Amino acid sequence: MSFSIDKKACRLVLFGGNGDLSYRKLLPALFNLERKNLLADELEIIGCSRATISAEQFREEARQGLVENATADPNSTPEVTQRFLSRLSFIALDATQPADYAGLKQLLGKPASNGCVIYYLATPPGLFVPICEQLQSAGMVNEQSRLVIEKPIGYNLASSIEINDKVASIFQENNIYRIDHYMGKSAVQNLLALRFANVMFEPLWNHNYIDHVQITVSESVGVGNRKSFYDNVGALRDMVQNHLLQLLALIAMEPPTHLTPEALKHEKIKVFRSLRAIEGKRTRYNTVRGQYSSGDVDGEKVPAYNKEGDNPMPSDTESFVAIKADIDNWRWSGVPFYLRTGKRLKSRYAEIDIQFKNIHHSIFKLPTQANRLIIRLQPKDSIKLLIMNQEPSLSGALNLVADPLNLSFYDQYDPADIPKGYERLLYDCIIGDSTLFMSRFEVEEAWKWTDTILAGWEEYEVPVEYYPAGTMGPDAAEQLLAKDGRKWFNNRYDND
Ligand code: BG6
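Residues numbered from 1 in each chain as written. Predicted model: local features only at pLDDT ≥ 70, side-chain atom pairs only at ≥ 80, totals over all residues. Heavy atoms only, no water.

**So, the overall build of the protein**
Scanning the protein from terminus to terminus reveals 15 helices and 17 strands. At 24 Å, the protein has a C-alpha radius of gyration in line with the 23 Å of a compact globule built from 496 residues. If one aligns the C-alpha atoms of the protein with their principal axes, the spans along those axes are about 80 × 55 × 45 Å. Counting every position in the protein, which comprises 496 residues, the buried fraction comes to 54%. For the protein, the exposed surface amounts to about 21,700 Å²; the carbon and sulfur share of it is 51%. Averaging the coordinates of the 55 positive side-chain charges in the protein and doing the same for the 63 negative ones gives two points 2 Å apart. (Helix = DSSP H or I, 4+ residues; strand = E, 2+ residues; numbered from the N terminus. Rg over C-alpha atoms; globule rule 2.2 N^0.38 Å. Buried < 20%, exposed > 50% of the residue type's maximum accessible area, 1.4 Å probe, protein only. Areas by Shrake-Rupley, 256 points an atom, 1.4 Å probe, with all protein chains shown as cover. Lys, Arg positive; Asp, Glu negative; His and termini not counted. Charge placed at Lys NZ, Arg CZ, Asp CG, Glu CD.)

Encoded structure:
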């Protein structure tokens, strides 16, 4: 795989350094960059949190995290693993205590002497503002300092504006990296290549040829020990406001003039502004809220949402959402985008289905099926185009079947070479490329749309519909499409 190497020295400060995200995703992603020799010799990683662990313990826990989560076994490359772990240090710090920042400041020395400092806030959004304020008061922010914040940015539009305003008064906008790890997935960037590096799709990419679009992000995991966190969030805020809307924007946007952060963000915002608000009573007809009851996933008995992990108390939080979205612009008029995501569904996969319209006039005795483009984002990236084909036979009539033209990235490239979401985004942040990050206006437009749905749910007391774990969601989600004479494709490429 060819890659133009650009290494930048910097210090990466991980707030929430010994948390789940850090051990499961961030450190394994940085380790992959180490394996690919993409980290500058001077790059240092400083973990911090309230935990009173030593640097040695931090390195040991990080090593364990690599064993469990890295794509390559750290024990098979002891020198690389050692080099990576030696970059790690740790400092105990209560994010809200001004005095605690002195130690961090001392550890960082003079920022200008060793490239930029990246502050990565792998913390709940409630800590974003306090940490930024403390960094500023301690004199630890300059025009080279970068800030990375995780979705969800806030809890709704109002809180996201508050965070964005405050953060903008401390960091320059071009130094703020709002991360949505779906944008870092190779298959998601490939949507740009598919649409804008090929001539054959763009002329058909509109209401004249496309019947509808389905976007599914299906997870087989439950909320487990994140139940109390999830009770305050729900699938609409956790998955739709960010990941699914980002996917929708990449499918629906106009071609950007250049592949620059500004051009891309500008086109995505236009899509969000064209999303028809789903308000009031329409939330009952255009959305479905679901929650899993107990069931079987992969042959294993699993508990209901309300019996999960750290807070086995009844709650009507949604673990599943399905939405019929409309985009009111010239290109997409009359083309519904059906969005669906949920936990404890049958299997883990993410897929975008572009269902084309059928041919206008048929010369065949047998019915033809409309073409479908199936973009599989995970677990194994692929693009399939279902085309009508003639099945070999001696019968008088042509036997038409829908067969896939199949491009499987997973078979074509070594899976270890396909960068993971966080790997790509951390690398981009280190080299200062914000193309795949979100602007505050995107985040705010997305909140505007989801806030309206949340308000409708509350006003009209839209109930959660229960679905057994291990299925593809509640019946009401099937009805959402059935009302329009359609069906979810449910991970199948054969038409039914
Ligand atoms: C996170 C959500 O952003 O994405 C989680 O907070 C979800 O609830 C996860 O499980 C899914 O990510 P992926 O990459 O496994 O599809």
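**Quick notes on the site of the ligand**
Near the ligand the following residues occur: K151, H181, Y182, K185, E219, R226, D238, M239, H243, K343, R348 and Q378. Within the side chain of Q378, a nitrogen or oxygen atom sits 2.8 Å from an oxygen atom of the ligand. Across the complex, the protein chains shield 83% of the 400 Å² of accessible surface that the ligand would expose by itself. Element by element, the count of residues in the shell around the ligand is highest for helix 9 (residues 234–252), at three residues. Residue composition of the shell around the ligand, by class: two nonpolar, three polar and seven charged. (Near = heavy atom within 4 Å. Polar contact = N/O pair within 3.5 Å; in protein donor to acceptor, adjacent residues only side chain to side chain. Nonpolar A, V, L, I, M, F, W, Y, C, P; charged D, E, K, R; others polar.)

**What to know about the packing of aromatic side chains**
Summed over all chains, the structure comprises 14 aromatic pairs. Pairing F58 with F90 gives two aromatic rings, centres 5.1 Å apart and planes at 50 degrees, and the pair type is tilted. Here the residue F58 occupies a position in helix 2 (residues 55–69), and F90 occupies one in strand 3 (residues 88–92), the gap between them amounting to 32 residues. Side by side, F58 and F90 carry an identical accessibility label, which is buried. When the ring of Y292 is compared with that of Y305, the centres are 5.7 Å apart and the planes differ by 80 degrees; the resulting orientation is edge-to-face. With a gap of 13 residues between them, Y292 in strand 8 (residues 287–293) and Y305 in the loop between strand 10 (300–302) and strand 11 (320–325) connect regions that are remote in the sequence. There is no split in this pair, since Y292 and Y305 are both buried. Chaining the aromatic ring pairs together yields one cluster made of F15, Y101, Y119 and F171. Over the ring of Y155 we find R237, and its NZ or CZ is 3.7 Å from the ring centre. (Phe/Tyr/Trp six-rings, centres within 6.5 Å; stacked < 30°, edge-to-face > 60°. Lys NZ or Arg CZ within 6 Å of the ring centre and 35° of its normal.)

**Details of a nonpolar patch on the surface**
A contiguous nonpolar patch, built from I363, F364 and L398 and spanning about 300 Å² of accessible area, is present on the exposed surface. Within the fold, I363 resides in the loop between strand 13 (349–356) and strand 14 (372–378). (Patch = residues over 30% accessible without salt bridge, like charges linked within 9 Å, V, L, I, M, F, W, Y side chains within 5 Å. Salt bridge = Lys/Arg side-chain N within 4 Å of Asp/Glu carboxyl O.)

**Thoughts on the sheet that holds strand 6 (residues 176–179)**
With respect to topology, six strands assemble into an open sheet ordered 3-2-1-4-5-6, the strand pairing being parallel. The open sheet is flanked by strand 3 and strand 6, the only strands paired with a single partner. Ignoring which end each strand starts from, the neighbouring axes of this sheet average 20 degrees apart. By the bridge criterion, four bridges tie strand 4 (residues 116–121) to strand 5 (residues 146–150) in an arrangement that is parallel. By the bridge assignment for strand 5, Y119 is matched with L147. Packed onto the sheet, helix 1 (residues 20–35) meets strand 1 (10–15), strand 2 (44–49), strand 4 and strand 5 and runs at close to 165 degrees relative to strand 1. (Pairing = 2+ DSSP bridges. Axes fitted to C-alpha atoms, helices over the stretch in contact; angles between N-to-C directions. Contact = heavy atoms within 4.5 Å.)

**Overview of the packing of helix 7 (residues 186–196) against helix 9**
Axis separation between helix 7 and helix 9 bottoms out at 9 Å; the angle between their running directions is 10 degrees. By the angle between their directions, the pair helix 7 and helix 9 is classed as roughly parallel. Between helix 7, through V188, L191, L192 and R195, and helix 9, the contact on the second element is made entirely by L247, L250, I251 and A252. Residues that form the contact of helix 7 with helix 9 fall into these classes: seven nonpolar, no polar and one charged. (Parallel < 35°, antiparallel > 145°, perpendicular 65-115°, else oblique.)

**Section: the environment of D417**
Within the secondary structure layout, D417 lies in the loop between helix 12 (409–412) and helix 13 (421–431). Overall, the relative accessible area of 29% leaves D417 in the partly exposed class. Sequence separation of D417 and T71 is 346 residues, and the distance between their C-alpha atoms is 9.8 Å.

**Details of the sheet that holds strand 15 (residues 382–391)**
Pairing is mixed in the open sheet, where nine strands are placed in the order 16-15-14-13-7-12-11-8-17. Each edge of the open sheet is held by one strand with a lone partner, namely strand 16 (399–408) and strand 17 (465–468). For this sheet, the mean inter-axis angle between neighbouring strands, taken without regard to orientation, is 20 degrees. Pairing between strand 7 (residues 210–218) and strand 13: eight bridges, direction antiparallel. Directly across from I215, in strand 13, lies its bridge partner I352. Helix 9 contacts strand 7, strand 11, strand 12 (337–342), strand 13 and strand 14 of the sheet and is inclined by roughly 145 degrees relative to strand 12. Against the sheet, helix 15 (residues 475–482) engages strand 7, strand 8, strand 11, strand 12 and strand 17, with an angle of about 10 degrees to strand 11.

**Quick word on the pattern of salt bridges**
Tallying each qualifying case throughout the model produces 31 salt bridges. A salt bridge links D428 to R424; its shortest N-O distance comes to 3.3 Å. Taken together, the residues span about one helical turn, with D428 and R424 both in helix 13 at a distance of four residues. Classification of D428 by relative accessible area gives buried; the value is 2%. One network of salt bridges, with partners in common, ties together K151, E219, D238 and K343.

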